[in-house]
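The lines below spell out each chain.
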Amino acid sequence: MLDRLRAAWHMRNTERRIRKHGWTAIYVGDYRSAPTWVYTVGFDDTLNQPELVVFDVQQADANELLWQAFEELKSGELVLEDGKVWVEDEQARLVWRKVHPSQIRSADGWFAFAAERRRRRTGRAFGLEVFQLVLADGERRMPWDNGYDERLRFR
């Protein structure tokens, strides 16, 4: 019973944040073990854009990245495309990758909250799109590049 009350409160609180800001973030993991990720809920209906996910970024940094993406998507400055470089400078390289639908519907339920919200809103969970913001390693190589730091691969 307590679990159901907690889940209902969480759902109401999430809906309140989406009404207020246009989106919210769901944080998964404890940042002491991998994987840890954050994904958006609300981009799908507020902006008619895919939800976003980023792995192993501290909460404050993730919030900043996601707010920037929200504002750029809203203004039309950002158009999500698979493989599109979003940031590339001497300190960082960030690339957008489209998440395969099998991962969105996976048994792991990585985007379960967003999919369930879409189902309640539209009557179907299918069709939810997600883009992952992929960060380069310390040498600015991406996971698909030769020489990528394999110690980061598990993340």
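You'll find the structure just up there.
Let me begin by describing the structure that accompanies this report. (Residues numbered from 1 in each chain as written. Predicted model: local features only at pLDDT ≥ 70, side-chain atom pairs only at ≥ 80, totals over all residues. Heavy atoms only, no water.)

**Quick look at unusual backbone geometry**
For step 1, the next point in the chain: Positive phi, normally seen in glycine, also occurs at Asn48, with a value near 55 degrees.
For step 2, the next point in the chain: The class of Asn48 is exposed, set by a relative accessible area of 66%.
For step 3, the next point in the chain: The residue Arg140 is not glycine, and still its phi comes out positive at about 70 degrees.
For step 4, the next point in the chain: Structurally, the position occupied by Arg140 is in the segment after β6 (130-135).
For step 5, the next point in the chain: Residue Arg140 is classed as partly exposed on the basis of its relative accessible area, which comes to 28%. (Buried < 20%, exposed > 50% of the residue type's maximum accessible area, 1.4 Å probe, protein only. Helix = DSSP H or I, 4+ residues; strand = E, 2+ residues; numbered from the N terminus.)

**Brief notes about the environment of Arg17**
For step 1, the next point in the chain: Tracing the backbone shows Arg17 in helix α1 (residues 2-21).
For step 2, the next point in the chain: C-alpha of Arg17 to C-alpha of Gly42: the two residues are 25 residues apart in sequence and 9.4 Å apart in space.
For step 3, the next point in the chain: Ignoring sequence-local partners within four residues, the contact set of Arg17 consists of Gly22, Trp23, Thr24 and Ala25. (Contact = heavy atoms within 4.5 Å.)

**Thoughts on the environment of Trp110**
For step 1, the next point in the chain: For Trp110, the position within the fold is in the loop between α4 (101-104) and α5 (112-122).
For step 2, the next point in the chain: In sequence terms Trp110 and Val38 are 72 residues apart; their C-alpha atoms lie 9.6 Å from each other.
For step 3, the next point in the chain: Setting aside anything within four residues of it in sequence, one finds Trp110 in contact with Trp37, Tyr39 and Phe55.

**Examining the packing of aromatic side chains**
For step 1, the next point in the chain: Per the counting criterion, the structure on display carries 7 aromatic pairs.
For step 2, the next point in the chain: Ring plane angle 85 degrees and centroid distance 5.5 Å describe the contact between Trp23 and Phe43, whose orientation is recorded as edge-to-face. Taken together, the residues Trp23 in the loop between α1 and β1 (24-28) and Phe43 in helix α2 (residues 43-46) connect sequence positions 20 residues apart. There is no split in this pair, since Trp23 and Phe43 are both buried. (Phe/Tyr/Trp six-rings, centres within 6.5 Å; stacked < 30°, edge-to-face > 60°.)

**Things to note about the pattern of salt bridges**
Oppositely charged side chains can form a pair if their charged atoms are brought close together.
For step 1, the next point in the chain: Overall, the coordinates contain 11 salt bridges when judged by the stated rule.
For step 2, the next point in the chain: For Arg93, the salt bridge is made with Glu88, and the minimal N-O distance between the two is 3.5 Å.
For step 3, the next point in the chain: In this structure, Arg93 and Asp145 form a salt bridge, with 3.3 Å as the shortest nitrogen-oxygen distance. Linking Arg93 in strand β5 (residues 93-98) with Asp145 in the segment after β6, this pair joins segments that are 52 residues apart in sequence.
For step 4, the next point in the chain: Bridged by salt links that share partners, the residues Glu15, Asp44, Asp45, Arg117, Arg118, Arg120 and Arg121 form one connected network. (Salt bridge = Lys/Arg side-chain N within 4 Å of Asp/Glu carboxyl O.)

**Brief notes about the nonpolar core**
For step 1, the next point in the chain: Counting residues in hydrophobic clusters, the biggest one holds 21 residues, and the most contacted among them are Leu52, Trp86 and Trp96.
For step 2, the next point in the chain: Only β3 (51-55), α3 (59-75), β5 and β6 provide two or more residues apiece to this core.
For step 3, the next point in the chain: Among the elements that make up this core, the one with the highest residue count is α3 (6 residues).
For step 4, the next point in the chain: Among the nonpolar cores identified, the runner-up in size contains 15 residues, and Ile26, Tyr39, Ile104 and Val130 belong to it. (Core = buried A, V, L, I, M, F, W, Y, C linked by side-chain atoms within 4.5 Å.)

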